[in-house]
Amino acid sequence: MTVTIDRTHINERVASPPARLSLTPAGPMPGLLDGAWWPRSRDLLRELPALTDVLDSRWGRITRVTVNPAHWPVIPRKVPVTGHTVHVGWFTDEQDPHKLILLSYTAGRWDLLVIPPETDPAAAARLMSAAAAPGGIVAASGLMASEDTTRDASESLSREEEWETDGGAASAAGNPNPIHPAGHPNLFGPLSCAQGM
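Summarised in this report is the structure supplied together with it. The structure presented is a predicted model; accordingly, all values stated were derived computationally and were not measured.

### A word on empty space enclosed by the protein
And then number 1: One pass over the structure, following the stated rule, counts one cavity of 30 Å³ or more.
And then number 2: Taken as a whole, the largest cavity holds about 70 Å³ of empty space.
And then number 3: Its residues assigned to classes, the lining of the largest cavity shows seven nonpolar, two polar and two charged.

So this is what it looks like as structure tokens:
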């Protein structure tokens, strides 16, 4: 993916829908993540204002955000949000590509899993729940890899169930001498073995 660093400063805020966000409840055991964010697009200029609208009141004014450019095609240097401007930075090797780091001069740092916008709602719900679990020890990329494994297993099971519904193994078991698609009988099936082959 080619990344563009947008050095222009935009003074107007871009309208955006409410943030889809899940945060870890306050508790004695901090985890690797402080929650998850599921943006609607890969446009930081459009998405960050809605995120800071929620977080500024909870965590203190967000002043800086860092991303890994792997999933963000354009990275603006500054994003106007309600009442102030957020500075945006990026790291390629140092930052997990599925993580957003938020900084506040007065309150600290928070790490959020960034769920890709195209993620289906069921997978996004699982990821949001996992990322917001108190004391979580799985990094952002680890959660994404786990979800990919879950999705692949589910798709495989679904294909197997569809195969069984369409006849699958039950159809093959019910016919001791099935005809192959080319129209030739199965010469190496059960009847052939009975003949001593």
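### Observations concerning helix H2 (residues 121-131)
And then number 1: Buried within H2 are the following residues: Ala123, Ala124, Leu127, Met128 and Ala131. One side of H2 carries all its buried residues, which in axial view fall inside an arc of 135°. Of the residues in H2, the exposed ones pointing more than 90 degrees away from the buried face are Pro121 and Ser129.
And then number 2: Where H2 starts, the residue carrying a side-chain oxygen 3.1 Å from the main-chain nitrogen of Ala122 turns out to be Asp120.

### Some thoughts on the layout of surface pockets
And then number 1: Taken as a whole, the largest pocket encloses approximately 200 Å³ of empty space.
And then number 2: The wall of the largest pocket is formed by 13 residues, among which Thr24, Pro25, Ala26, Gly27 and Asp34 lie closest to the centre.
And then number 3: Grouping the amino acids of the lining of the largest pocket by side-chain chemistry returns eight nonpolar, three polar and two charged.

### Topic: the nonpolar core
And then number 1: Leu100, Leu102 and Leu112 are the most contacted members of the largest nonpolar core, which totals 22 residues.
And then number 2: Put simply, the parts of the chain that give this core at least two residues each are helix H1 (44-59), strand S4 (64-67), strand S6 (78-81), strand S7 (84-90), strand S8 (99-104) and strand S9 (108-114).
And then number 3: Sort the elements by how many residues they give to this core and H1 lands first, with six residues.
And then number 4: Those residues in contact with Leu102 that lie beyond four places of it in its chain are Leu51, Leu55, Trp59, Ile62, Arg64, Val65, Gly108, Arg109, Trp110 and Leu112.
And then number 5: The next biggest cluster of nonpolar side chains, apart from the first, holds 12 residues, and it includes Ala36, Ala124, Ala140 and Leu143.

### Here we look at the pattern of salt bridges
And then number 1: All chains considered together, the criterion is met by four salt bridges.
And then number 2: Notably, a salt bridge pairs Lys99 with Asp111, separated by 3.1 Å at the nearest N-O pair. With Lys99 in strand S8 and Asp111 in strand S9, this residue pair connects regions lying 12 residues apart in the sequence. Asp111 shares its class with Lys99; the two are buried.

### Focus on the packing of aromatic side chains
And then number 1: Evaluation of the coordinates by the stated rule reveals two aromatic pairs.
And then number 2: Here the aromatic rings of Trp59 and Trp110 are separated by 4.4 Å at their centres, their planes lie at 10°, and the arrangement is stacked. In this pair, Trp59 is assigned in helix H1 and Trp110 in strand S9, connecting sequence segments 51 residues apart. The pair formed by Trp59 and Trp110 is uniform in burial state, with each residue classed as buried.
And then number 3: The ring of Trp38 is capped by Arg20, whose NZ or CZ atom sits 3.6 Å from the centre of that ring.

Cut-offs and rules
- Every residue gets a number counted from 1 within its own chain, in the order that chain's sequence is written.
- It should be noted that, the model being predicted, local features are given only for residues of pLDDT at least 70 and side-chain atom pairs only at 80 or more, the latter also being counted only at that level, while totals for whole chains, interfaces and linings use all residues.
- Only heavy atoms go into the side-chain values, all of them from the structure, while hydrogens and water stay out.
- A pocket here means an open set of points on a 1 Å grid, computed over the protein atoms alone, that has protein on both sides within 12 Å along at least five of seven lines. A cavity is instead a set of points where a 1.4 Å probe fits but cannot get out; residues with an atom within 4 Å of a point line either one.
- Grid points are joined across faces, edges and corners, and a volume is the space filled by probe spheres set on the points.
- All amino acids are sorted into three groups, where Ala, Val, Leu, Ile, Met, Phe, Trp, Tyr, Cys and Pro are nonpolar, Asp, Glu, Lys and Arg are charged, and the leftover types, Gly among them, are polar.
- Each residue is assigned to one of three classes by its accessible area relative to the maximum for its type, calculated with a 1.4 Å probe on protein chains only: buried under 20%, partly exposed between the two thresholds, exposed over 50%.
- Labels follow the DSSP assignment, with helices taken as runs of H or I lasting at least four residues and strands as runs of E lasting at least two, numbered in each case from the N terminus.
- Comment: arc refers to directions from the helix axis out to C-beta atoms.
- Nitrogen and oxygen atoms within 3.5 Å of one another constitute a polar contact, given that in protein one can donate a hydrogen and the other can accept it, and given that sequence-neighbouring residues count only through two side-chain atoms.
- The term nonpolar core refers to a set of buried residues drawn from Ala, Val, Leu, Ile, Met, Phe, Trp, Tyr and Cys, joined through side-chain atoms within 4.5 Å.
- Here, residues are in contact when the closest pair of their heavy atoms is within 4.5 Å.
- Salt bridges are defined by distance alone: a side-chain nitrogen of Lys or Arg within 4 Å of a carboxyl oxygen of Asp or Glu.
- Between rings of Phe, Tyr and Trp, where Trp is taken as its six-membered ring, a pair exists when centres lie within 6.5 Å; planes separated by under 30 degrees are stacked, by over 60 edge-to-face, and by other angles tilted.
- Distance and angle both matter: a charge sits over a ring if NZ of Lys or CZ of Arg is within 6 Å of the ring centre and within 35 degrees of the ring normal.

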